[in-house]
Each structure stands twice: as structure tokens, then as C-alpha cells.
Amino acid sequence: MVKRYLKLATLEEALLIIREAFPPMRFSETVAVEDSVGRISAGAVFASYSVPEVFLSAMDGIAVSSRDTRGASEQNPVALSDALRVNTGNVVPRGYDAVIMIEDVWEEEGCWIIRKPVAPWQHIRPAGEDIAETEMIIPSFHRIRPHDTGALATYGVTRIPVLTLRVGIIPTGSELVAPGTRPAPGQVVESNTLMASAWLSSLGARCTRYPITPDDPDEIRRVITLAAEEQDMVVVSAGSSAGTKDYTVDVIASLGEVLLHGVSIKPGKPVIVGNIGGKPVMGMPGYPLSAVTVLREIATPLLAHYGLTPPDPVVLTARLTQTLHSDVGTDEFVLLSVGKIRGEWVASPQSRGSGVQMSGVRSNAYLRIPNRTEGFESGEMVRVNLMVPPSVAEAALLVTGSHDPALDHLADMIRPGGVVVHSTHAGSMGGVLALKRNDCHAAPMHLLSPAGEYNVPFIQRYLPGEDIALVTIADREQGIVSRDGLSLEDLPGHSFVNRQKGSGTRILLDYELQKRGIDPAAIQGYDREVTTHTAVALAVRSGEVDAGMCVYSAAKAYGLPFVPVASERYELAIREEELDDPRIATLLDAVRSDRFRTVLTGLGGYDTRLTGTLHRVPR
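Residues numbered from 1 in each chain as written. Predicted model: local features only at pLDDT ≥ 70, side-chain atom pairs only at ≥ 80, totals over all residues. Heavy atoms only, no water.

Caption draft 1: Geometry of the overall build of the protein chain. Helix and strand counts for the protein chain stand at 16 helices and 38 strands. Relative to its length of 619 residues, the protein chain is extended, with a C-alpha radius of gyration of 34 Å against a globular reference of 25 Å. Along the longest, intermediate and shortest principal axes, the C-alpha atoms of the protein chain span 110 × 70 × 45 Å. For the protein chain, the residues scored as buried account for 50% of the 619 residues in total. (Helix = DSSP H or I, 4+ residues; strand = E, 2+ residues; numbered from the N terminus. Rg over C-alpha atoms; globule rule 2.2 N^0.38 Å. Buried < 20%, exposed > 50% of the residue type's maximum accessible area, 1.4 Å probe, protein only.)

Caption draft 2: Local environment of the nonpolar core. By size, the foremost hydrophobic cluster in this structure holds 40 residues, and its most contacted members are Ile 473, Ile 574 and Phe 596. Not counting chain neighbours up to four residues away, the residues in contact with Ile 473 comprise Leu 410, Tyr 570, Glu 571, Leu 572, Val 591, Phe 596, Leu 600 and Thr 611. Judged by nonpolar contacts, the second largest core, of 39 residues, contains Ala 14, Leu 163, Leu 203 and Cys 207. (Core = buried A, V, L, I, M, F, W, Y, C linked by side-chain atoms within 4.5 Å. Contact = heavy atoms within 4.5 Å.)

Caption draft 3: Fine view of the sheet that holds strand 7 (residues 98-101). Strand order in the open sheet made by the three strands is 6-4-7, with antiparallel pairing throughout. Strands with a single pairing partner mark the edges of an open sheet, and in this sheet they are strand 6 (84-86) and strand 7. In this sheet, neighbouring strand axes are inclined to one another by 35 degrees on average, regardless of whether the strands run parallel or antiparallel. In this sheet, strand 6 lies alongside strand 4 (residues 61-64) in antiparallel orientation, the contact comprising three bridges. Opposite Ala 63, over in strand 6, you have Leu 84 as the bridge partner. (Pairing = 2+ DSSP bridges. Axes fitted to C-alpha atoms, helices over the stretch in contact; angles between N-to-C directions.)

Caption draft 4: Representation of the pattern of salt bridges in the model. Counting across every chain of the model gives 33 salt bridges. The shortest N-O distance in the salt bridge between Arg 368 and Glu 12 comes to 2.7 Å. In this pair, Arg 368 is assigned in strand 26 (residues 365-369) and Glu 12 in helix 1 (residues 11-21), connecting sequence segments 356 residues apart. Taking relative accessible area as the criterion, Glu 12 reaches 41% and is therefore assigned partly exposed. The partner of Glu 29 in a salt bridge is Arg 39, and the shortest N-O contact between them spans 2.7 Å. Of this pair, Glu 29 sits in strand 1 (residues 27-32) while Arg 39 sits in the loop between strand 1 and strand 2 (45-46), placing them ten residues apart in sequence. Of the residues examined, Glu 29 reaches a relative accessible area of 18% and is grouped as buried. The class of Arg 39 is buried, set by a relative accessible area of 12%. Counted as one network, the salt bridges with shared partners bring together Arg 319, Glu 344, Arg 437 and Asp 439. (Salt bridge = Lys/Arg side-chain N within 4 Å of Asp/Glu carboxyl O.)

Caption draft 5: Molecular detail of the side chain of Gln 478. Among the structural elements, Gln 478 can be located in strand 32 (residues 468-482). Under the relative-accessibility criterion, Gln 478 is labelled buried at 0%. Side chain to side chain, Gln 478 and Glu 568 meet in a polar contact 2.9 Å long. If we skip the residues at most four places from it in the chain, Gln 478 touches His 446, Thr 505, Leu 508, His 533, Met 549, Cys 550, Val 551, Phe 562, Pro 564, Val 565, Ala 566 and Glu 568. (Polar contact = N/O pair within 3.5 Å; in protein donor to acceptor, adjacent residues only side chain to side chain.)

Caption draft 6: Representation of the packing of aromatic side chains in the model. Per the stated rule, a full pass over the model turns up four aromatic pairs. Between Phe 55 and Trp 121, the aromatic rings sit 5.0 Å apart at their centres with planes inclined by 40 degrees, giving tilted as the arrangement. On the criterion of sequence distance, the pair formed by Phe 55 in the loop between strand 2 and strand 3 (56-57) and Trp 121 in the loop between strand 9 (111-114) and strand 10 (124-125) is long-range, its members being 66 residues apart. Accessibility expressed as a relative area gives 46% for Trp 121, which makes it partly exposed. Each ring, one from Tyr 552 and one from Phe 562, has its centre 5.3 Å from the other, and the planes form 70 degrees; the classification is edge-to-face. Here the residue Tyr 552 occupies a position in helix 14 (residues 552-557), and Phe 562 occupies one in strand 36 (residues 562-575), the gap between them amounting to ten residues. If you follow Arg 115 out to its NZ or CZ, it ends over the ring of Trp 106, 4.5 Å from the centre. The ring of Tyr 526 has Arg 506 lying over it, and the distance from NZ or CZ to the ring centre is 4.8 Å. (Phe/Tyr/Trp six-rings, centres within 6.5 Å; stacked < 30°, edge-to-face > 60°. Lys NZ or Arg CZ within 6 Å of the ring centre and 35° of its normal.)

Caption draft 7: Expanded view of the sheet that holds strand 5 (residues 78-80). The strand order 5-9-8 describes an open sheet built from three strands, whose pairing is antiparallel. The sheet is open, and its two borders are formed by strand 5 and strand 8 (106-108), each paired with just one other strand. Averaged over all pairs of adjacent strands, the angle between strand axes in this sheet comes to 40 degrees, irrespective of strand direction. With three bridges connecting them, strand 8 and strand 9 associate as antiparallel partners. Of the residues in strand 9, the one forming a bridge with Trp 106 is Ile 113.

Here it is, written out as C-alpha cells:
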């Protein structure tokens, strides 16, 4: 029997229920000062001794009694017989209450000669000038910064109490295998608890990961019971959806109370929050991006309730590049690639699939679609939360268009120069239209016109009158990838996977099919689409389909037979006014480098004779 959610709560209702159920208790541990950076102090910390503990000289000079300098002037020099040579930081002995800089002193016949008087305590650091013994160094609930550790050590503190929360994290699922194990078909690498541990530890929690627990209700009950006894909070990974093998909610109910089963957030709706013996127990969904949303939107506020507050995110306003529809009544969180184009922040949505972990890797920001709205329109200004420092977002280079494996290598080459490439695989036409809307910095493309010319006719048609430059990446081989060496003529009667409409590969395929008189309807799977060359090759290697069309480098990477169909010009379209942008300049330097040509040669299927050349599209 399929289990149903309890009453869905809104995110605001869920957070209120959590705050009311769990009093803001404080748990702490003592750590070495050098391990305390980023942690929250659990109590005020006081100096063990004064700094300085005695009077110190603040200058190189002589220590004197100020009363002995009275009356000194240019007309009436005073010879001091009682003075002591000191350097900066030296202890000033009792009996001396001032220091005269060495530049203002003349030495004659064993005496020090001065020509102006000094005031008491001149150029002397008094005891406790920096901090006095028992004075507070930092208060409670202070986030410890790197430079704080130096001060703490200077003032005699070597260990410090910080807030923490002992969190037990339990992975459940008979299909799970440990990280480092290559999963067999039907198995999944258990990575969510690794991520949860890293996330919660970054907030100051002390996390314990329990062994993988199979889908057995008695075993799940045993491990949750143990964790609830040993820890202050428990997180159970997976087992929180409405599936037939999700036992977590029943186990929590049998051991305590289920406070929430289902929150109207997307992704992450199946989250569970329960109370066992006064301790929060959370059931986290198995899909990775659902788990991230639950960690960020529910677990993090819960830890903040215990004093483990995260740094405030940087929020900025950006122009959305795509329309985002959402269901009213649900708070949806969408991952984004954000960059600055011509002085304006631009936000490109990543895939919204909750199981697509690479969307999380590729993103640098996210936005919240409130539960009272139906979404946002393309071009609308939206508030986004950065997941990286603003300087890193400023360095983002948005590349939208045709996919090629070489782009990953190019992105890696320019990363040490401070430029972060965010690629969106929208196909060649998608890239041209993104460039037209100023939604990207560069658009990779390989569009073949009916007259047999690449790229230029499409720029002239869709960006008329605009100054666009085309930079050649390479001439590359496109062909048919299969396990049996199939050619284009062999495709009818075989299963096939295609690239998306508007991609240069799709346009090239249609051009070649028409030239050979082959009806696309005769190709089984012609309408099945993927967005990258590697996805085509992988579908062939896995046996999902017999053939597909991709670049040679993708076929080579998977060790598959490849039958060439055509050579095509693969180029980057860039607005001429952007060529002086340091990010674009760094990209072009990499494209023109010998190192990149070597990479292309190693990948295979690229003619690099024109790599790096730039030509301007005639208006």
C-alpha cells in the first residue's frame, strides 16, 4: 500500500512548527584556537593577562624621567646623566616615565643632550594598552575570523568554547553502495550523507555518519533509536517519499511524533520532521537536489535556532533569461548561472530536475519562486541569492549554444586566470538567440545554411546590423556513432537518438538526409532528443539505441566506431564591443594557445589550422 503525505505545510508554517517544537538549547564543545575559524563562540572569552603586561617603549630612543627635561630648549640644551637607551618594544624600567626619540637626542662626552622637554608617558605603551587582564576579547555568538585567532593566542587563549550540535546522519536504502564503489545497474552511490555532513559541519555541527541501513523497518528503527540516544539531532537520508519502501515516517511515529510529512517546496517536498525524546529527527529525500533544498531551507534554519547561524547570503537583482512557470502554493527553488553582461546581472536557469546533481555543480546562485506566484517571465528582474563571493560571480563568463567536449577543456584552461565559464547547452540556434537578447557573452555555433556556408548567414539574419565577430575553435568531424560501424545510409530501420531542434548537429543531419533522399520518418527515434554529443555517445554505448550523430571526439572518448558524414566549422560568436572585456580576452588567448591545439589533437577529429582566427561578420 502506497503511503500518502500528511497535510502539506507551507515553508513558513514548517519553520514555525520546528521553532515551537524545539527550544533554542545551546550545545558546545571546546576546540583549539587554530581550529575555530568560522565557528560561533559559545560564551564570552576573556584575556588571561594584560597586553602589554608592563610599560614598553613605543620608539627607538632613550628612557628618561620627564621632570629631568624641564626647561630644555634650543637656547638652553639640557644634559641628561640619568637615561637608558631603549628600542621599540623594550621594557621601560621603573623610574622612567617617557621616551625621547633617538632623532631628538645628541650624545656628547657620555651624556645625552636634548633641546626640548617631554611630557609624562610620551612614546610609552602603558600596561594593558591593547587589552587588560580579565577584559573581554570576544562576546558570545561571535563568528570567529582568521585574524581573531591571532588576538586570542596573543592574549593567552589556546582553546575556546564554540557552539555545536551532534548530528547523526543515517543513509537508508538497499540499493545504496559506498562512495568509491562503482554502482551496478540498479545501484546508487550513497553520496547524500557525505554532502549533508559537509554542509552541516560547515555550520559548526559535529556529524557522525552511520553505516548504510537496508530497507528493513526493524533495522531502520534500531539505528534511529541508537542515533537518537547518542546525538542531539538525527538526519535520515532517503526513505521520505511516498514510495512503498519508505519506512522512515512510520519508524519515527513509533518512536516519537511526526511533526511534518511533506512541505510545499520544490524540490524537497517529501521531507519529514519528527520529535523523538525532544530531539529533532529529519527525513531527507533521496534525490540530491531535493536533499540540498532541505538542507538549505529547513535544516540550516533549525541549526540557526540552536545558535549555529550561517553567514547572510549576498542577494542581488538580475535579469532572467528564461520564463519559469511554477505551481501556486509551492515555493520552488531554481538553480542559476549568474554573470554580468554589459554592466547588467543576468541569470540563466539550470536544469530543474531534482536528480541532476551537475545543476548544483554548474550553478553559482539560486532564486525562490514564492508560493503565491505562477513564476517569472523571461526578461523579468528577480532577486537571486549568490552561492559564491560576488567577485567570483563577477568573473563568470556565460557561454550559451552548441556543445562540444573541447569547451570543458577550454574552461579548465582559463580558470587559473580567474575566469569561470558557465556553459548552457542550448544548441546553436539557442545560442544565437541568447546572444541577440544579451543573455550570454559568447555563443558556440555550427549552423549550416542551405547554400553550404557556416554561421555567417544566421548571424546576418538574426542579428542584422550588429557588429559580431566569429572566432574559430576548429573544423571538426561529425558522423554516425554506433556499436556496429553503421553509416548514415544504414539508419533506416535502426534505433536512433537525435540532438535537439535548433542544434547545428540536427540541422546538419537534416541537410545530409535530404541530400541522400532519406526520409527522417524511417529512422526509429528521430524525435528522441538529447542536448550534448557525449549524451549521444553514451546512449549508444549503453545499448539504449543503435546509433546517433555526434562529433568524433565524443565517439572516441567512449571507444565507439565512427563513420564520418561531414566536416563543419565550429565557432564562437561574440559581440565586437565585448572583445576587450578581460574575460573574453582571456578566453581568446586560450583558444589561440599551442596548449589548446594540443588538447584538440588529443581529443581527435579536429582540424586546427584555423583555430583562433577571428573574422567579422559583414553587416
